[in-house]
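# Structural overview
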Amino acid sequence: MKTSAKRRCWQLLLLFALAASQNSFSQDFFGFWGERWNAFQQMPENDLRILHGRYIKDTIQVKEMKEAFLRYKDVVCQKSLYEGFDSASFLKEGHGGCALLVSPLQRHPDKNIRACRGVWSFPHCVLVDLVDKNGASQRKLLENLNRDAKKTWLDGEMLRLEEPRWYMGFVVSPRLHWDFFDKGKLLASMSSTRSFPDFFSYADVTSTLLDGHWDGKLQAGARLLGAMCALEKASRKNQAERSFSVLLYQKPTPKGQRYQDRPYSLELLEPADADAETLKLFNDFKSFVEALPNKTFKPYYTTDFRLMTGRFYRVTASKYGWLVEDYLTTH
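First, a word on scope: everything that follows refers to the structure included in this document. (Residues numbered from 1 in each chain as written. Predicted model: local features only at pLDDT ≥ 70, side-chain atom pairs only at ≥ 80, totals over all residues. Heavy atoms only, no water.)

### As for the sheet that holds strand E9 (residues 176–182)
Read from one edge to the other, the open sheet built from 7 strands follows the order E5-E4-E2-E3-E6-E9-E10, with strand pairing classed as mixed. With partners counted over all chains shown, the strands left at the sheet margins are strand E5 (126–131) and strand E10 (185–191), one partner each. Each strand of the sheet is rotated relative to its neighbour by a mean of 25 degrees, with strand direction disregarded. (Pairing = 2+ DSSP bridges. Helix = DSSP H or I, 4+ residues; strand = E, 2+ residues; numbered from the N terminus. Axes fitted to C-alpha atoms, helices over the stretch in contact; angles between N-to-C directions.)

As structure tokens, this is what we get:
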């Protein structure tokens, strides 16, 4: 980035931070966001813990996330997000595709159908194509399924990951949706319906967008995270610019507790040979993150049936403030 453009970026972040500071403060950490924080916490959402017990039985550990960063930080994944899964698209404009982690085709008695990948259309749950392992459409098999007017082959559970994205070698999304069908009819549904993956994406006031792709405001949210940190950790006048990469993650909940009030922490990923100034800035950012309250970040679900509670950020601190960028939107 050219010096003049970078300076303009810092100036915008500083103005944004100053605008935020005009709100009234309270004892609550997010007091100066007041109603926004309360509204974010009160957004309706199903409790998916029952699905966690059935399908999502593991959480990606810090060590594995750090190893993934070193392997994928400079890699642009070319593989399909839907490899090995049925895929789906939405008729509604503004929504992306889905990966069906659990599909009724996996339960079908015909092994030829089980060997195919389904292509679906939502919200009406219509199977529009069957594709074999070579990518060839199997229209006759599809016609055989469609002869069942009552769609009894659809019975049972369907679990879909909506709008998946590559993230350091993992395929992730905060949006998980479960359906149960009986005699071809939908009987029950549960989903993580909240549109925003974290409070900062929700609280960003630079846009009035309330729907659409879940990662649409991710970068704006990361910038707000940096601006809020700048309010707490004021940059020194002559501070030299430093950049470093971090893993923000949720600490495991101690046995016997339901949650922690302050569950988040940081790991320094790069540089490996950080100087004293960089380490000081990292520790400043870490102390800010460790003050964040519970439920500031949503977990991501992965296509390998795990939870990812981490975020990979690049942080640049200078006399102008703090710039935080999420690697998910920079690749």
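And the narrative resumes.
### Concerning the sheet that holds strand E1 (residues 58–59)
The sheet built from 5 strands is open, its strands ordered E1-E14-E13-E8-E7 with mixed pairing. Two strands lie at the open edges of the sheet, namely E1 and strand E7 (165–167), each paired on one side alone. Note that strand E13 (residues 300–302) and strand E14 (residues 306–308) share 2 bridges and pair antiparallel. Counterpart to Tyr301 in the pairing with E14 is Leu307.

### Some remarks on helix H6 (residues 139–146)
Because an α-helix completes one turn every 3.6 residues, residues spaced three or four positions apart along the sequence face the same direction. Within H6 the residues assigned to the buried category are Leu141, Leu142 and Leu145. In a view along the axis of H6, the buried residues occupy a sector of 100 degrees, so they form one face of it. Contacts made by the buried residues of H6 are with helix H5 (111–114) and E5. (Buried < 20%, exposed > 50% of the residue type's maximum accessible area, 1.4 Å probe, protein only. Arc of directions from axis to C-beta. Contact = heavy atoms within 4.5 Å.)

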